[in-house]
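Chain by chain, the residues run as shown.
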Amino acid sequence: MQVCILLCGGFEIKEEIWIEKYRPFKLDDVVGQKETVERLKSYIKTRNLPHLLFSGPPGVGKTATSVSIARELFGESWRENFTELNASDERGIDVVRTKIKNFAKTTPIGGADFKIIFLDEADALTSDAQSALRRTMERYTNNCRFILSCNYSSKIIEPIQSRCAVYRFRPLSDEAVAERVRFVANNENLDIADDGVDAIKYVAQGDMRKAINALQAAALIADTIHKDAIYKITATARPEQVKELITTALDGSFSAARKHLDSLLLEQGLSGEDVVGQIYRAMFDVDIPEKKMVELIDVIGEIDFRLTEGANERIQLECLLAHFALSGKECN
Amino acid sequence: MTVQMEWAEKYRPVSLSDVVGHKKVIDDLRNWGEQWEFGTPEKRAVVLHGQAGIGKTSSAHALARDMNWEVIELNASDQRTAGVIEKIAGSASTMKTLTGTSDKRLIILDEADNLHGNSDRGGARAIVDVIKKASQPIVLIANDIYGLSSTVRSLCLELKFGSVQSRSMVPALKKIAAQEDVMCGVGVIEKIAESADGDFRSAVNDLQAIAMGRTEINIEDISTSERDNKESIFKVVGRIFKGKDVSSALEATYNLDETPEDLIHWVDENLPYQYTGKGEEALTPDIIAGYSYLSRSDRFLGRVRRRQNYRMWRYAGMLMTGGTVVSKSRVRGGFVKYQPPSLWRKMGQMRSRRNMRNNIAVKIGSHCNESMRYSRLEVAGMYSRLIQEDEYAADVVAVLGLDMDEMLHMVGAKKVTKKLQAVYDDAQKKRQVFIPADEPAFFVEKAAPKKDPSQLSFDSLPASNNATLDSAFGKGFPNKDEGATPAKKEVAAKPQKTLFDF
């Protein structure tokens, strides 16, 4: 799994992709899903498993948990008894009827009691394919279990939900992200400042994959990781900057606000979408009446939409700032 | 090393008497099964339908075991083209069993409402054929009865499985817990039964999930694996309608396992009931403001759908939650129950009505050699006018081969009256004359005018007569009533040879 990059000077940097390196291999390593993990561990203890349905946003540990279950149940032979189908694979009704059914039919290898089929992004299965799955799930329970993962369990048809134990993965708390980031940094002999951790928390928004990627990217450009490295590498404006942009605009000083905007767009090289996204997130901390806030968020959405339709990001964002100025005037 | 089974499989009912709930339906099913002991019953197939996890498949298998029948099962995990169905179910349904251990074999077509358009081409027609020719019992299983064509339904005895009452689940769950040596605290079983929402299989699964690795379960243990869907959506809806705080309403949706596309239906359904209080007009300014936000929210949902730009969901979510929160002028006291979206139910009903209308149009179309669309838009109205005239009703029903539901739909009646029943019976008698009984009806409908010898007399109708009828039709289209009247006169002269027979 080691990736070696040879630079021209014969100079060698050993690098690995950290999200792979630090992917949890044991259920105990899965962070931030304590209750779920506790219940799942009791399955391991009894060496038995119902069909499982994991639902939750990306980067919270659904795949990691599934792989950990397989590793803990099957030990060495986990690869033979665990198969994973992604949305990137063809997954129409024919796959369910041939590939999945055949895997489900055959007996487990290496003394395992059963096999596990992991259907990642199961909500991408057509509903026909989902209904073709349901009898297969029941028929071969003596040698096969299914783990389905999805972003929204409402996209999974009722008959399948009824056959599964449903576990909801919540977005990770900031503490959980911080803890893991510190752990990784420690392992890699990295110095990370507290404001660096805070920056990662802000950037990750509960997505561990994003957090670790940001950490690794920042580690390439700096020895000690401060917030600036994080913001720079992830093309994120500092939260204070965004807040300042908003308050200046609300105060009605349009040209001052536009200077802030230019510095974000031109000097820091952020895309218009990034800026709009951050403005949206900052809105909840701005001190304005809630009614105004909802109105402004409607405008933000409209501008976000026009960004994709229009040609000039700056014009659209200036329009947004003008709206802020108008709204600020009405408040006073 | 013992492999623990899933409890839902392990405790599948062995006999019909073990099935939880559904007393009446089970009796009907057993009666139907027993009829087979004395020859072929009138309906050769039953269709069991109802929501997921209430025992449809289990009942079918239990029936076979009770009657000592062999079982052949075809479900959606098998390919089910016309060829496959005919090969497996067709031969099985007409031949005697090979082993001779029992004299009947039960054919179970699971998920019969789920034939795949492409991979299962022709499957639906094959099912009709198989049922018609069967000399062996057939059970069809479906979640949605309207997913089956009306032809199939008319051939089957329909048995509806309602949802399992939570109070009848409780003793069954307790029995399972006792057999698995799991001690249950007070209220645990009741809670599981409650949250399963009529779905017995998920109740058993939940019980197993909670009990795994424990010998004792208490009410606190439930929370982790609960199916909390319903509960949390009510909490979110409550925050939206009763709360004053935008961010807390929005935050509540983060933990909700519903897409904004589903949530908006909830808000939409409840908004008019929630934002009007005692002594207020039905349409308060709050409702108007709320709908203006919902409309803007929907605009973003549309952008997501058209452009696959899922970033827009956050604005839609904000407007439907926060917008609704800020559009109330005050928090109204008193509790008005939150309703699940009626739109979904209505869409289900509409789909069945549309299917019915299309089915009728196909029948008319094949009779008049017109497209389904044309028949539905232009001709169906006239036929339904004719069917309301006593003189022609039976003939129309017979010639088009309408079943009872379709006839009711065309007449516009809700219930079967004596008179309609008489018309229908009369039509069935006439149909016996038109169509030899052993041939599938839909073949004959097209071929009858040319091939069937008993129809020959109609072909010899004077050509001029046909021509006048045609012109009467031609003129009649713009105004249905006028069109029907001259046609009626022509036919009135020859009551035996109706105009539908050419």
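These numbers come from a predicted model, not from an experiment.

Let us look at the overall build of chain B. Looking only at helices and strands, chain B has 23 helices and seven strands in total. Scored against the burial criterion, the 502 residues of chain B give a buried share of 50%. In chain B, of all internal contacts separated by at least 6 residues, the share reaching a separation of at least 24 is 73%. Here chain B has roughly 24500 Å² of accessible surface; of this, 53% comes from carbon and sulfur atoms.

Below, the discussion takes up the environment of Leu-49 of chain A. Mapped onto the elements, Leu-49 of chain A comes out in the loop between helix H2 (34–46) and strand E3 (52–55). C-alpha separation for the pair Leu-49 of chain A and Thr-141 of chain A, spaced 92 residues apart in sequence, amounts to 9.9 Å. Those residues within four positions of Leu-49 of chain A in sequence are excluded, and the remaining contacts are Tyr-43, Ile-69, Leu-73, Phe-114, Ile-116 and Arg-145 of chain A together with Glu-6 and Met-212 of chain B.

Here we take up the UniProt feature "binding site: ATP" (unreviewed entry) in chain B. In the UniProt entry, the feature "binding site: ATP" (unreviewed entry) is given for Gly-50, Gln-51, Ala-52, Gly-53, Ile-54, Gly-55, Lys-56 and Thr-57 of chain B. Relative to the helices and strands, Ala-52 of chain B resides in the loop between strand E1 (45–49) and helix H3 (56–67). Residue class for Ala-52 of chain B comes out buried when judged on its relative accessible area of 8%. If we skip the residues at most four places from it in the chain, Ala-52 of chain B touches Glu-158, Pro-159 and Ser-162 of chain A together with Asn-143, Asp-199 and Arg-201 of chain B. Among residues more than four places away in sequence, those in contact with Thr-57 of chain B are Arg-135 of chain A together with Arg-12, Asp-110 and Ile-141 of chain B.

Taken as a whole, this structure holds 19 aromatic pairs over all chains when the rule is applied. On the basis of an interplanar angle of 85° and a centroid distance of 5.7 Å, the ring pair of Tyr-280 of chain A and Phe-284 of chain A is categorised as edge-to-face. Judged by relative accessible area, which is 7%, Tyr-280 of chain A ranks as buried. On the basis of relative accessibility, which here comes to 25%, the residue Phe-284 of chain A falls in the partly exposed class. An angle of 80° between the planes, with centres 5.3 Å apart, marks the rings of Tyr-280 of chain A and Tyr-315 of chain B as edge-to-face. With Tyr-280 of chain A in helix H13 (residues 272–282) and Tyr-315 of chain B in helix H14 (residues 313–326), this residue pair bridges two chains. Here the aromatic cluster, defined as three or more aromatic residues joined through ring pairs, consists of Phe-234, Phe-241, Trp-266, Tyr-275, Phe-335 and Tyr-338 of chain B. Between the NZ or CZ atom of Lys-115 of chain A and the centre of the ring of Phe-103 of chain A, over which it lies, the distance is 3.9 Å. Note that Arg-281 of chain A overlies the ring of Tyr-202 of chain A, its terminal NZ or CZ placed 4.1 Å from the centroid.

Residue and element names in this part refer to chain B. Pairing in this open sheet of five strands is parallel, and the strands run E2-E3-E4-E1-E5 from one edge to the other. The sheet is open, and its two borders are formed by strand E2 (70–74) and strand E5 (156–160), each paired with just one other strand. Mean inter-strand twist for the sheet, computed between neighbouring axes without regard to direction, equals 20°. Lying on the sheet, helix H2 (residues 23–35) is in contact with E1, strand E4 (138–142) and E5; it crosses E5 at an angle near 155°.

As a further point, take a positive patch on the surface. The grouping of Arg-353, Arg-354, Arg-357 and Lys-414 of chain B at the surface amounts to a positive patch. For Arg-353 of chain B, the position within the fold is in helix H15 (residues 342–368).

Let us now look at the pattern of salt bridges. Applying the stated criterion to the full structure yields 43 salt bridges over all chains. The partner of Arg-311 of chain B in a salt bridge is Glu-273 of chain A, with the nearest N and O atoms 3.2 Å apart. Remark: Glu-273 of chain A occurs in helix H13 and Arg-311 of chain B occurs in the loop between helix H13 (285–307) and H14; the pair is interchain, linking two chains. Here Arg-311 of chain B falls in the partly exposed class, since its relative accessible area comes to 23%.

With that out of the way, let us pick up the side chain of Ser-15 of chain B. Residues and elements named next belong to chain B. On the secondary structure map, Ser-15 appears in the loop between helix H1 (7–10) and H2. A relative accessible area of 18% places Ser-15 in the buried class. At 2.9 Å, the side chain of Ser-15 and the side chain of Ser-17 are in polar contact.

What follows deals with the interface of chain A and chain B. Listed by partner, the interface residues are 63 residues for chain A and 69 residues for chain B. Carbon and sulfur atoms make up 46% of the surface buried where chain A meets chain B, a total of about 5700 Å² over both sides. Put simply, chain A and chain B have 14 salt bridges between them. A salt bridge links Glu-302 of chain A to Arg-303 of chain B, with the shortest nitrogen-to-oxygen separation between them at 3.2 Å. Seen at the junction of chain A and chain B, the total is 19 residue pairs in polar contact (both at pLDDT 80 or more). Among the secondary structure elements, those contributing two or more residues to the side of chain A that touches chain B are H2, helix H4 (93–105), helix H5 (127–139), helix H6 (158–163), strand E7 (165–168), H13 and helix H14 (290–309) of chain A. The dominant element in the side of chain A that touches chain B, judged by the number of residues it contributes, is H14 of chain A, at 14 residues. Classifying every residue of the side of chain A that touches chain B by side-chain character gives 20 nonpolar, 18 polar and 25 charged.

Scoring rules and cut-offs
- Residue positions are counted from 1 within each chain, in the order its sequence is given.
- Working convention: letters from A go to chains and numbers from 1 go to ligands, in the order in which they are written.
- The predicted origin of the model limits local features to residues at a pLDDT of at least 70 and limits the giving and counting of side-chain atom pairs to 80 or more, whereas totals for whole chains, interfaces and linings rest on all residues.
- The basis for every side-chain value is the complete set of heavy atoms in the structure, and neither hydrogens nor water enter the calculation.
- Each helix is a run of DSSP H or I of at least 4 residues and each strand a run of E of at least 2, with the numbering of both proceeding from the N terminus.
- Exposure classes here rest on a 1.4 Å probe applied to the protein chains alone. A residue is buried below 20% of its type maximum, exposed above 50%, and partly exposed in between.
- By definition, residues are in contact when any of their heavy atoms lie within 4.5 Å.
- Only the protein chains shown count as cover for residues, with accessible areas throughout obtained via the Shrake-Rupley method and a probe of 1.4 Å.
- UniProt positions are given in the numbering used here, feature names are shortened, and annotations may be inferred rather than shown by experiment.
- Note on aromatic contacts: the rings of Phe and Tyr and the six-membered ring of Trp form a pair at centre separations within 6.5 Å, being stacked when their planes are under 30 degrees apart, edge-to-face when over 60 apart, and tilted otherwise.
- Any Lys NZ or Arg CZ found within 6 Å of a ring centre and within 35 degrees of that ring's normal is scored as a charge over the ring.
- Pairing between two strands is assigned when DSSP locates at least 2 bridges connecting them.
- Axis angles are defined between N-to-C directions and span 0 to 180 degrees, where every axis is a line fitted to C-alpha atoms and, for a helix, only to the segment in contact.
- Residues with no salt bridge and a relative accessible area higher than 30% make up the patches, which join like charges within 9 Å and nonpolar side chains (Val, Leu, Ile, Met, Phe, Trp, Tyr) within 5 Å.
- The salt bridge definition used is simple: a Lys or Arg side-chain nitrogen within 4 Å of an Asp or Glu carboxyl oxygen.
- When charges are counted, Lys and Arg are positive and Asp and Glu negative, with His and the chain ends excluded.
- To locate a charge, take atom NZ for lysine, CZ for arginine, CG for aspartate or CD for glutamate.
- Any pair of N or O atoms that falls within 3.5 Å is considered a polar contact. Within protein, one atom must be able to donate a hydrogen and the other to accept it, and sequence-neighbouring residues count only if both atoms are side-chain atoms.
- Computed with a 1.4 Å rolling probe, the buried area is the accessible surface lost when two parts are put together, summed over both parts.
- Three residue categories are used. Nonpolar comprises Ala, Val, Leu, Ile, Met, Phe, Trp, Tyr, Cys and Pro, charged comprises Asp, Glu, Lys and Arg, and polar comprises the others, including Gly.

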